[in-house]
Amino acid sequence: MSASGRTVTPDDGAHMRRALALAMRGWGQTAPNPMVGAVVVRDGVVVGEGWHTRLGAAHAEVEALREAGARARGATMYVTLEPCNHHGRTGPCSEAILGAGVARVVAAIADPNPVAEGGAARLRAAGVEVDFGTEAEAARELNAPFLHAVTSDRPFVQLKLALSLDGAIADYTRRQGWLTGEAARAEVHRMRAGADAVAVGIGTALADDPSLTVREGTPPRVAPARVVFDTSARLPLTSRLVQSAREVPVLVVCWAPDPAHAAALEHAGVELLHAATLPQALRALKGRGVGSLLVEGGAGLAGSLLREALVDRLVIFRAPLLLGAGALPAFGALPAATAGSAPRWRVVRADWFGDDEMTVYAPLS
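Just so we're clear, the structure is a prediction, and the values are computed from it rather than from any experiment. (Residues numbered from 1 in each chain as written. Predicted model: local features only at pLDDT ≥ 70, side-chain atom pairs only at ≥ 80, totals over all residues. Heavy atoms only, no water.)

Asks: Is there a simple way to explain the packing of helix H2 (residues 60-68) against helix H3 (residues 93-100) in this structure?
Replies: Packed helices, taken two at a time, are described by the angle their axes make and the gap between the axes. Where H2 contacts H3, the axes come no closer than 9 Å and their chain directions differ by 20 degrees. Put simply, H2 runs roughly parallel to H3. As H2 packs across H3, the resulting crossing turns out to be left-handed. Residues Glu61, Val62 and Leu65 of H2 lie in contact with H3, whose contacting residues are Cys93, Ala96, Ile97 and Ala100. (Axes fitted to C-alpha atoms, helices over the stretch in contact; angles between N-to-C directions. Helix = DSSP H or I, 4+ residues; strand = E, 2+ residues; numbered from the N terminus. Parallel < 35°, antiparallel > 145°, perpendicular 65-115°, else oblique. Left-handed = near helix turned anticlockwise from the far one by under 90°. Contact = heavy atoms within 4.5 Å.)

Asks: Please clarify how H3 should be interpreted in this entry.
Replies: Spacing of three or four residues puts side chains on the same side of an α-helix, whose turn is 3.6 residues. Among all positions in H3, only Cys93, Ser94, Ile97 and Ala100 are buried. All buried residues of H3 lie within an arc of 130 degrees about the axis, which places them on one face of the element. Contacts made by the buried residues of H3 are with H2, strand E3 (76-79), strand E4 (104-107) and helix H4 (119-125). Looking one or two residues past H3, Gly101 carries a phi angle of roughly 80 degrees, positive in sign. (Buried < 20%, exposed > 50% of the residue type's maximum accessible area, 1.4 Å probe, protein only. Arc of directions from axis to C-beta.)

Asks: Would you take a moment to explain the sheet that holds strand E2 (residues 45-51) for this structure?
Replies: Two pairing modes exist for strands in a sheet, parallel and antiparallel, and in both the strands are linked by backbone hydrogen bonds. What the five strands build is an open sheet, ordered E2-E1-E3-E4-E5; its pairing is mixed. A single partner strand is all that each edge strand has here, and the edge strands are E2 and strand E5 (129-132). In this sheet, adjacent strand axes meet at a mean angle of 15 degrees when their direction is disregarded. Judged from the four bridges that link them, strand E1 (residues 37-42) and E3 form a sheet pairing that is antiparallel. (Pairing = 2+ DSSP bridges.)

Asks: Mind showing me how you'd approach the packing of aromatic side chains here?
Replies: Two descriptors summarise a pair of aromatic rings, namely the distance from one centre to the other and the angle between the planes of the rings. Within the structure shown, the criterion is met by one aromatic pair. Pairing Phe317 with Phe353 gives two aromatic rings, centres 6.2 Å apart and planes at 50 degrees, and the pair type is tilted. Of this pair, Phe317 sits in strand E13 (residues 313-318) while Phe353 sits in strand E15 (residues 345-353), placing them 36 residues apart in sequence. There is no split in this pair, since Phe317 and Phe353 are both buried. Stacked on the ring of Trp178, the Lys or Arg Arg185 has its end atom at 4.5 Å from the ring centre. (Phe/Tyr/Trp six-rings, centres within 6.5 Å; stacked < 30°, edge-to-face > 60°. Lys NZ or Arg CZ within 6 Å of the ring centre and 35° of its normal.)

Asks: I keep staring at the sheet that holds strand E10 (residues 250-254) and nothing clicks. Help me out?
Replies: Spatial ordering of the open sheet is given by E11-E10-E9-E8-E12-E6-E13-E16-E15, a layout of nine strands whose pairing is mixed. Either end of the sheet is taken by a strand with one partner, and the two such strands are strand E11 (271-274) and E15. In this sheet, neighbouring strand axes are inclined to one another by 25 degrees on average, regardless of whether the strands run parallel or antiparallel. On the sheet, helix H12 (residues 299-307) packs against strand E6 (156-163), strand E8 (197-201), strand E9 (225-229), strand E12 (292-295) and E15 and is oriented at approximately 135 degrees with respect to E6.

Asks: Which parts of the structure should I look at to understand the side chain of Asp312?
Replies: Structurally, the position occupied by Asp312 is in the loop between H12 and E13. Separated by 2.8 Å, the side chains of Asp312 and Arg154 make a polar contact. At 2.8 Å, the side chain of Asp312 and the backbone nitrogen of Val157 are in polar contact. Once residues within four sequence positions are removed from consideration, Asp312 is found in contact with His148, Arg154, Pro155, Phe156, Val157, Tyr361, Ala362 and Pro363. (Polar contact = N/O pair within 3.5 Å; in protein donor to acceptor, adjacent residues only side chain to side chain.)

Asks: Looking at this structure, how should I read unusual backbone geometry?
Replies: In terms of backbone geometry, most residues other than glycine have negative phi values and most peptide bonds are trans. Here Ala31 and Pro32 are connected by a cis peptide whose omega angle stands at 10 degrees. A cis amide bond links Gly297 to the next residue, Gly298, at an omega of 5 degrees. Of note, Gly298 is situated in the loop between E12 and H12. Positioned with a positive phi, Arg174 is a non-glycine residue whose angle comes to about 65 degrees. Position of Arg174 among the secondary structure elements: in the loop between strand E7 (168-170) and helix H7 (182-193).

See the structure below:
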């Protein structure tokens, strides 16, 4: 049954899954707006499809109606998010739907944004049947950062770790090296393209000298900022991050920096954010415009975020190798817990990239 009491048909589910697939085509292009897909169906035949292609461009509903033309009259529209009801960069989708003569709208989830909500009420007031709930869980996961931003004062945090089969993130030498293969690394670049910022701890920055840029796949509309959690602001001036700070923003989250080195970092184009605790740091990042944060390690930062329950999604890439004695454990910074008391996580997604297994977890609470 849908939220309105109507029986959900297999066709409803199939058309909504198509709308979700269309929405994904906006990956990395729509933030801070959500990704949205829409499908218009008349007499069982798809007559129009659309998705939100880019921030400021026409919304998914308008694109689908444009393709459907006169065939939209009396049709059903499937859309992954409640149609908006306000004038922003574009006009209200609710009015476009009414103007096209659509008879029924199936929306996966309601829009929690108080500025844009109200589309369903407007449509129902005009006699359009509106149903909610088809593929709702998938729709919520698709736009989890957007939904999180409506109610939280910190970014949506994804913690990504690449592990060996025995749970290590580096071998006993601690030398830089890849655990996962090319396909998994390409997926990480895709993940970066969907985030507002990519972060590491100072230990990882010193050991790996990463650039944290998107170098594979479709470039995002705006390159994600690079963030280093670095209490004393000791990021080297010769690092790749500092050397490219005027090309793509670099933010160093610190508390007690050396004044001379801090001044040199700022002269190089690095922005310093002062915060004494992780919650304060995340709030500062949100104030800086970071709505979604992809954290790529290392073990110390990962442990701190998990210990303070600040991780919204835990993304584990598990490589088919054993590192053995002396390897650096991924979760060694966490306090000891019993099997009965340890926090549990639910699986959101599981996939394979070559020989590497990726699992995405969400906290149960």
